[in-house]
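Letter by letter, the chains look like this.
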Amino acid sequence: MNYKDFTKSIFRGIGQVMLQNNAITGFIFLIAVVYSSWLMGIGALIGTATGTLTAIMLKYKEKDVLGGLYGFNGTLVGISLLFFFKPTGFLFIILIIAAAISAIVMNFMHKKKFMPYTFPFVLTAWVFIFLIKSFNIVPSSIPETVYFTQADILSAIILGFSQVMLQASVITGILFFIGILINSRISAVYALAGSTIGLLTGLLFFPSLINLINIGIFGFNGVLCGIAFSDKKRHSFIFAVTAIILSAGIIYGFIALNFIALTAPFVFAAWITVFAKNKIHKI
């Protein structure tokens, strides 16, 4: 693989976080993350590059590598570790190891014909967050707490986009939406519906969690669910809405259990919906 192809695969990997196989989209996503947090932007880049290089060294299918399939889980691993922990030299070593492992998990699931989505990231991040906290390897980073007394609908919808990569920035959310729109208008429409429906589900069923609702926590899994089921077929919207609502319910379960959700609600909701969809089609 030459330098040009490698560079494209890096940006495609970042784009694939939201299921967009487009280098320009990925570049916009990276700029959006850097705008919110230059440090997490570096983490995203290191994670993506590590996942991609791991796939190249282990001789995974070049077509999949070029499409960014082995980079996006590393992107999220890099961002998440820098979100939860303070940036030390040792953390960056852990980040590289974790990103490499996420690529290996991705390849295993891909070969077994599973639908990985972002589960390799979720599984890898869970393991490493648990180990780091259990052995107090790196100090935790404590995010600022923001308090709201009422819903801020427009801001919450936009933040639903930015929270896909653990960012709480309206500008970042807008840039994410633009990046999706550049690659796929139908994905952008479904993503917008996902954030909106996730938000409304949170307001309807879990109004006491207004702080989390307003910062996009009930919207970001909906964004991913919307994109995953985006299609021009009419019935696709029904499955998308089902997955979006499910993801909101699942994230509430994680919150109630005080467990780090990451993008697991999206993955679980998508798996359940795909299973139901296949059963319905057979009938």
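Up top is the structure these notes are about.
This section reports on the structure supplied with the text. Bear in mind that the values here come from a model prediction, so they are computed numbers and not experimental data.

1. A look at a nonpolar patch on the surface
At step 1: On the surface, a nonpolar cluster with roughly 900 Å² of combined accessible area is contributed by Phe90, Ile93, Ile97, Ile101, Leu123, Val127, Phe130, Leu131, Phe135 and Ile137.
At step 2: Counting residues per element, the ones that place at least two in the nonpolar patch are α6 (89-111) and α7 (119-134).

2. What to know about the side chain of Asp64
At step 1: Mapped onto the elements, Asp64 comes out in helix α4 (residues 62-66).
At step 2: It turns out Asp64 is buried and unbridged, and the closest side chain with the opposite charge, Lys61, is 5.4 Å from it.
At step 3: Polar side-chain contacts of Asp64 include one of 3.3 Å to the side chain of His110.
At step 4: Leave out the neighbours within four places in its chain, and Asp64 touches Leu69, Tyr70 and His110.

3. What about the environment of Phe259?
At step 1: One can find Phe259 in the loop between α13 (234-256) and α14 (264-282).
At step 2: Given a relative accessible area of 45%, Phe259 falls into the partly exposed group.
At step 3: In sequence terms Phe259 and Leu91 are 168 residues apart; their C-alpha atoms lie 22 Å from each other.
At step 4: Beyond its immediate chain neighbours, meaning those up to four positions away, Phe259 contacts Trp126 and Phe254.

4. Considerations on the layout of surface pockets
At step 1: Empty space within the largest pocket amounts to approximately 1,500 Å³.
At step 2: Lining the largest pocket are 40 residues, and of these Phe83, Phe84, Pro143, Leu166 and Ile217 lie nearest its centre.
At step 3: Of all the elements in the fold, those that place two or more residues in the lining of the largest pocket are α3 (38-57), α5 (72-84), α7, α11 (210-214) and α13.
At step 4: Looking at the lining of the largest pocket element by element, the count peaks at five residues for α7.
At step 5: Considered class by class, the residues forming the lining of the largest pocket number 28 nonpolar, nine polar and three charged.
At step 6: Empty space within the second largest pocket amounts to approximately 150 Å³.
At step 7: Among the elements that make up the lining of the second largest pocket, the one with the highest residue count is α6 (three residues).
At step 8: Here the lining of the second largest pocket is composed, by residue class, of two nonpolar, two polar and four charged.

5. Here's the deal with the packing of α3 against α6
At step 1: The geometry of α3 relative to α6 is characterised by a closest axis approach of 8 Å and an angle of 45 degrees between their N-to-C directions. By the criterion of interaxial angle, the relationship of α3 to α6 is oblique. For the element pair α3 and α6, the recorded crossing hand is right-handed. Facing α3, whose interface residues are Leu39, Ile42, Gly43, Ile46, Gly47, Thr50, Gly51 and Thr54, α6 presents Phe92, Leu95, Ile96, Ala99, Ala100, Ala103 and Ile104.
At step 2: Residues of the contact of α3 with α6, tallied by class, amount to 10 nonpolar, five polar and no charged.

About the criteria used
Residue positions are given per chain, counted from 1 along the sequence in the order it is written. Where local features are concerned, this predicted model is filtered to residues with pLDDT of at least 70; where side-chain atom pairs are given and counted, the filter is 80 or more; whole-chain, interface and lining totals use all residues. Calculation of side-chain values draws on the structure's entire complement of heavy atoms; hydrogens and water are dropped beforehand. Each patch is assembled from residues with relative accessible area greater than 30% and no salt bridge, linking like charges that lie within 9 Å and nonpolar side chains (Val, Leu, Ile, Met, Phe, Trp, Tyr) that lie within 5 Å. The protein chains shown are the only cover counted for residues, whose accessible areas, like all others here, come from Shrake-Rupley with a 1.4 Å probe. Any carboxyl oxygen of Asp or Glu within 4 Å of a side-chain nitrogen of Lys or Arg constitutes a salt bridge here. Every helix listed is a DSSP run of H or I at least four residues long, and every strand listed is a run of E at least two residues long, numbered separately from the N terminus. With a 1.4 Å probe rolled over the protein chains alone, any residue whose accessible area is under 20% of its type maximum counts as buried; one over 50% counts as exposed, and the rest are partly exposed. As used throughout, the charge tally considers Lys and Arg to be positive and Asp and Glu to be negative, leaving His and the chain termini uncounted. We call two N or O atoms a polar contact when they sit within 3.5 Å, provided that within protein one can donate a hydrogen and the other can accept it, with sequence-adjacent residues counted only if both atoms are side-chain atoms. Any two residues having at least one pair of non-hydrogen atoms within 4.5 Å are treated as being in contact. A cavity here means a set of 1 Å grid points, computed over protein atoms only, where a 1.4 Å probe fits but cannot escape. A pocket is an open set with protein on both sides within 12 Å along at least 5 of 7 lines, and lining residues have an atom within 4 Å of a point. Grid points are joined across faces, edges and corners, and a volume is the space filled by probe spheres set on the points. When residue character is reported, Ala, Val, Leu, Ile, Met, Phe, Trp, Tyr, Cys and Pro are called nonpolar, Asp, Glu, Lys and Arg charged, and the others, Gly included, polar. To obtain each axis, a line is fitted to C-alpha atoms, and for helices this fit is confined to the stretch in contact; angles are then taken between N-to-C directions over 0 to 180 degrees. With respect to orientation, any angle under 35 degrees is reported as roughly parallel, any angle over 145 as roughly antiparallel, any angle of 65 to 115 as roughly perpendicular, and every other angle as oblique. In this scheme the handedness of a crossing depends on how the near helix is turned from the far one: anticlockwise by less than a right angle means left-handed, clockwise means right-handed.

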